[in-house]
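One letter stands for each residue in the lines below.
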2 protein chains.
Amino acid sequence: MNGRGRRWGCVKGGRCTRIVRGGTFHAFARHNLEVGTLARPGPGKLQFIPLGGLGEIGKNIAALVYGNDIIVIDCGLAFPEEDMPGIDLVLPDIGYLVEHRDRVRGVFLTHGHEDHIGGIPYFLRQIQVPIYGSRLAMGLVELKLQEHQLTLPERSRAVKPGDVVHAGSFTVEFFRVNHSIPDAMGLIIRTPVGTVVHTGDFKFDYTPVDGNVADLATLAAVGREGVLLLLADSTNAERPGFTPSEKTVGETLERIIAGAEGRVLVASFASQIHRIRQVVESAVRHGRRVAVVGRSMENVVQKAIELGYLDFPPGTWMDVDEIVRLPAHRILILTTGSQGEPMSALTRMSTADHKKVEILPGDTVIISATAIPGNEKNVARTVDNLYRRGAKVFYGPQAGIHVSGHACQEELKLMLTLVRPRFFIPVHGEYRHLVHHANLAKAVGMDPSHVLIGENGAVFELTRDSAAIVGEVPSGKVLVDGFGVGDVGNIVLRDRKQLSNDGILIVVVGMDGQSGLVVSGPDIVSRGFVYVRESEGLLDEARQRVKHTLATLEADNLSEWSMIKSAVRDTLGHFLWEKTKRRPMILPIIMEV
Amino acid sequence: MNGRGRRWGCVKGGRCTRIVRGGTFHAFARHNLEVGTLARPGPGKLQFIPLGGLGEIGKNIAALVYGNDIIVIDCGLAFPEEDMPGIDLVLPDIGYLVEHRDRVRGVFLTHGHEDHIGGIPYFLRQIQVPIYGSRLAMGLVELKLQEHQLTLPERSRAVKPGDVVHAGSFTVEFFRVNHSIPDAMGLIIRTPVGTVVHTGDFKFDYTPVDGNVADLATLAAVGREGVLLLLADSTNAERPGFTPSEKTVGETLERIIAGAEGRVLVASFASQIHRIRQVVESAVRHGRRVAVVGRSMENVVQKAIELGYLDFPPGTWMDVDEIVRLPAHRILILTTGSQGEPMSALTRMSTADHKKVEILPGDTVIISATAIPGNEKNVARTVDNLYRRGAKVFYGPQAGIHVSGHACQEELKLMLTLVRPRFFIPVHGEYRHLVHHANLAKAVGMDPSHVLIGENGAVFELTRDSAAIVGEVPSGKVLVDGFGVGDVGNIVLRDRKQLSNDGILIVVVGMDGQSGLVVSGPDIVSRGFVYVRESEGLLDEARQRVKHTLATLEADNLSEWSMIKSAVRDTLGHFLWEKTKRRPMILPIIMEV
């Protein structure tokens, strides 16, 4: 079937795909390393092993290993790339951690975004260790666990900046950073080899919405004490300058909402609670009540209200069904769909396909987010459809209605300068981001040999005065499709891609089990190949070709099924390529009768 | 089959898909208009009918109709969207023109880009009329026609700015504009109702590479004479300010090439001949010889040399095989792949998959283009892979190595101000671009009722003092897949999408033609659904379910095939959704034996 094989290859980017089913791992690693030998660094040696988030954006998870102890930093998921049709989620391969599960002392969450907590339900099915994170992150984890009918492991607890957790040889102190979700924190991890600082996702916001500025003083103090290793967020390492304060967005939103005459709809990320708070403050100020539409937005806002992150009088909120009773200028709708996701609330509203809300002329729609790479066309399509329905639309980077949650180059240099690490490994970024971040470290004076770039699976080993990549552990993508975790791998994806490009032709032949003679067929059925009614001649001719091939084989007394199938595939493949320049999947089915 | 039906619906965006096969048209138009009645405007009436390029970027083509005469402006193609798997090209539906082919007087090309000339070979198979365009555009059309074994229609000819062509009631004068390809022109079309100005794709470049500045004087003069209708490029209508001169790119490229120590590779659009000229000038200045790699770049550069657009001494160029004989600092490679297209030269080089050139540490790679929406991730992946191979990479909007070929807001306002049209229809842009452009026209003082927004298929009718959309003609997408033009439509695409999301299960049942009894099977074969070896239990159980369903039907003496097929589909569909939350295509095949 055009190169299909039974062996597992590697997916693009060089990482390997593994299969998880029913909790058992079947590893198909590119490098058949003896994981055991790497997993226990020698005395005086510390290992940093990223299993996700390096060389990619998403599914952040990393291990820090000393002696018999392992701690895990974050446990995220990623969203499927366009070359993964039908896939819902992508999980990191945590085979390495599962193998050493008795040595894992805990999971430390930097914040509550999906790419930092989304993998936890899958992780907990295999490794039961305490989880530590901010109150909000823990609340969002609990939401997730409820969906999976799981509960938090014993001794898990919410922590706040300044809290210290002891975990085997590690002492983990949380410190405050700014990010696009409240209560984001970095980690100061004291180890027998030296201190490791992990920034989590961060930016510096001197005028944050909740007044909680990133803890520069602690960073400076720990930098002065001496830091062995800095692990820092590289997402925006390509961007010069600094990321503006979230407050600037609030000011623009206020101006837009103040000037709007009809209804206002605001689409944003559900976890952007500071943004939501600013929107609701403006709504209150201008006499608008707020309805929340879209499953994730409803869940997260509910949780945030519960935990006190959104503290408004009860009359602020209303059910979406109430909007019919209010005049337009008293309505603000908070919704999902800022990425133009086809099934999201805003997208459906923009095509009059949402059951409760339809966009009307006079509506003001604010898309308060940036298009994540890969989503640009969907967002553009949504904007077009909003305009077609007569709405006024605010969107895009020039509208001043979104700022990034990640540090730009000047902030990254500030972090490097405050922490003054001996060694530096850029994390959280695609390869080019890691390269740019490494270059910034060199620009602020770090010894180039102390700056290491590696990707998922790399085993970085540090002593007090050395750092190097000493090996690799299995890492990669575990694909989730519906209920199936890991039962879709490279072969299935390859088939899906072939099917989607040129469709399938099924050739059915009935064969007498005794004589080996064709007694029925060949019949040809196609899907996704050509519009059949228009192409009857082509399919007729194809059937004649197959018939001829079968007759030739019969004349030669060749009745081995594999031989017949391969002859049918060859005949048909060549014929169709010649006639159509397409390569549909060809599936011969021989039925013994 | 989950909602599959035999009726043709409309594709996203409201436009309709038609089918073309063997030169015959089968129209499935949403609005069953009597095309004939619309096609001949009454006396003193002029119609503008866009068939492509309004409400979308790409496949620009429009008709201007007066009395018995029709002229066609441009004849482009578009590239497939992500929801068109397997499709190679998208053509405009020209059924309206084919129906009135005896009244078409000619095709007027504004410039030689694919989205303005790419549809010509398909057009000429149905309508033989003269084509007029710049020497370069005509050269590129000829390249295209050679591939299709066609020749230019009689009386076609190359024109230059200032040339006038008479075509029925129309007199068409070409005028110079600036764009990202040499010799781009707009059209001043004199009609019995008034003068129409069509800008083509344009920007104003006061310091163009070839010294040919857009013809402001002629625009001002025709504006003073009086213009009935302006049709102007909206591509960049979202962007404030003005587009910088192509010269600024040359200066940056010169700095990078001057400072490069190893080989230099430059990826750009093949048709960006001014860009290529500037790169080659820098190469010559710094003692580098130039190899051209990538089919489209080779063809276009060859044509441009032939036509005198790239006038360098012969020793400037070299065959790619010669690069092994030269030191790195004497090599510059011009190549394709600026959009990260998976099969392009640069992409292959970046993954060591190109048969002649591999990226090496020390190489400098310049991606002198911007990512077209939808290509961002492919470009990013290529940049990552180039960095992984140790190259120095220049890319992205901040590098100063690319400028747009389209006018930004200040230039659009200048155009409106020079031409001073009575009526204005923004063209060439997605819906939001048309809205922004319309707003600019109102901002410079146009009467809002004189600014009309419409999309493909709209019939705009103008008199000397009125303009309105009076109807619609069929318009839409004709999909090209391999040799097939129009044999892939909505049903095939829907099947491909379903196949790519969840794969297919084929259920084969052998049935006695006489008794209606099942004599063989059911057998189940799946592709793209689950990894079979891991899911034998699931497929076994599925087979049992089908067996049970068949037995029940047999017991009830129900042997009508359609009933059996639908029962099998229902049983299996429910079972698989329950077990996997997936909806593969289910294809029951009954074989009479």
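Everything quoted here is computed from the prediction, not taken from an experiment.

1. Considering the relation of the copies chain A and chain B
There are two copies of the chain, and a rotation about an axis plus a shift along that axis relates them.
Item 1. Between chain A and chain B, the superposition needs a rotation of 180° and an axial shift of 0.0 Å, giving an RMSD of 0.0 Å. The two molecules are tied by a two-fold rotation axis, judged by turn and shift. Ranked by how close their C-alpha atoms come to the rotation axis, the residues of chain A are headed by Ser500 of chain A, at 2.4 Å.
Item 2. When you check the interface residues of chain A against chain B, 100% turn up at the interface there too, and the contact is symmetric in its surfaces.

2. Topic: the interface of chain A and chain B
Item 1. Between chain A and chain B, the contact holds 77 residues from the first and 77 residues from the second.
Item 2. Where chain A abuts chain B, roughly 6600 Å² becomes buried across the two surfaces, and 55% of that area is made up of carbon and sulfur atoms.
Item 3. Measuring nitrogen to oxygen at the nearest pair gives 3.1 Å for the salt bridge that ties Arg381 of chain A to Glu81 of chain B.
Item 4. Our count for the chain A to chain B interface comes out at 30 residue pairs in polar contact (both at pLDDT 80 or more).

3. Looking at the domain arrangement of chain A
How big an interface is tends to be expressed through the accessible area that disappears when the partners come together.
Item 1. Under the domain assignment used here, chain A contains domain 1 (28-241 + 405-485), domain 2 (246-399) and domain 3 (503-592).
Item 2. On a C-alpha basis, the centres of domain 1 of chain A and domain 3 of chain A stand 54 Å from each other.

4. Things to note about the packing of helix H7 (residues 246-259) of chain A against helix H8 (residues 273-285) of chain A
Residues and elements named next belong to chain A.
Item 1. Look at H7 against H8: their axes get within 9 Å of each other, and the N-to-C directions meet at 30°. Considering their axes alone, H7 and H8 lie roughly parallel with respect to each other. Here the hand of the crossing between H7 and H8 comes out right-handed. In this structure, H7 contributes Glu246, Lys247, Val249, Gly250, Leu253, Glu254 and Ile257 to the contact, and H8 contributes His274, Arg275, Gln278, Val279, Ser282 and Arg285.
Item 2. When its residues are assigned to classes, the contact of H7 with H8 shows four nonpolar, four polar and five charged.

5. Notes on the pattern of salt bridges
Item 1. For the structure shown, the criterion picks out 62 salt bridges over all chains.
Item 2. Put simply, Asp321 of chain A and Lys356 of chain A hold a salt bridge, and the shortest N to O gap is 3.2 Å. Of this pair, Asp321 of chain A sits in the loop between strand S18 (317-318) and strand S19 (331-335) while Lys356 of chain A sits in the loop between helix H10 (345-350) and strand S20 (364-367); the two residues are 35 residues apart in sequence, bridging distant segments of the chain.
Item 3. A relative accessible area of 44% means that Asp321 of chain A is categorised as partly exposed.
Item 4. The partner of Arg582 of chain A in a salt bridge is Asp487 of chain B, with the nearest N and O atoms 2.5 Å apart. Residue Arg582 of chain A is found in the loop between helix H16 (561-580) and strand S29 (585-592), and its partner Asp487 of chain B is found in the loop between strand S26 (484-485) and helix H14 (490-502); the two belong to separate chains. Of the two residues, Arg582 of chain A and Asp487 of chain B, both sit in the buried class.
Item 5. Beyond isolated ion pairs, a larger network of salt bridges with shared partners links Glu81 and Glu82 of chain A together with Lys377 and Arg381 of chain B.

6. Quick word on the sheet that holds strand S15 (residues 227-233) of chain A
All names here are of chain A.
Item 1. Strands sit in the order S11-S12-S13-S14-S15-S22 across an open sheet of six strands; the sheet is mixed. Both outer strands of the open sheet, strand S11 (164-167) and strand S22 (421-427), are each paired with one neighbouring strand and no more. Across the sheet, the mean angle from the axis of one strand to that of its neighbour is 20°, orientation sign disregarded.
Item 2. Pairing of strand S12 (residues 170-176) with strand S13 (residues 185-190), which is carried by six bridges, proceeds in the antiparallel orientation. Each residue of the ladder has a partner; that of Arg176, found in S13, is Met185.
Item 3. The sheet contacts of helix H12 (residues 409-419) involve strand S14 (195-198), S15 and S22, and relative to S15 the element is tilted by about 165°.
Item 4. Most of the contacts of helix H13 (residues 431-443) go to S22, to which it runs at about 160°, and overall it touches S15 and S22.

Conventions and cut-offs
Residues numbered from 1 in each chain as written. Chains lettered and ligands numbered in written order. Predicted model: local features only at pLDDT ≥ 70, side-chain atom pairs only at ≥ 80, totals over all residues. Heavy atoms only, no water. Least-squares fit on C-alpha atoms with pLDDT ≥ 70 in both. Contact = heavy atoms within 4.5 Å. Buried area = accessible area lost by both parts, 1.4 Å probe. Salt bridge = Lys/Arg side-chain N within 4 Å of Asp/Glu carboxyl O. Polar contact = N/O pair within 3.5 Å; in protein donor to acceptor, adjacent residues only side chain to side chain. Domains from an automatic or database assignment. Axes fitted to C-alpha atoms, helices over the stretch in contact; angles between N-to-C directions. Helix = DSSP H or I, 4+ residues; strand = E, 2+ residues; numbered from the N terminus. Parallel < 35°, antiparallel > 145°, perpendicular 65-115°, else oblique. Left-handed = near helix turned anticlockwise from the far one by under 90°. Nonpolar A, V, L, I, M, F, W, Y, C, P; charged D, E, K, R; others polar. Buried < 20%, exposed > 50% of the residue type's maximum accessible area, 1.4 Å probe, protein only. Pairing = 2+ DSSP bridges.

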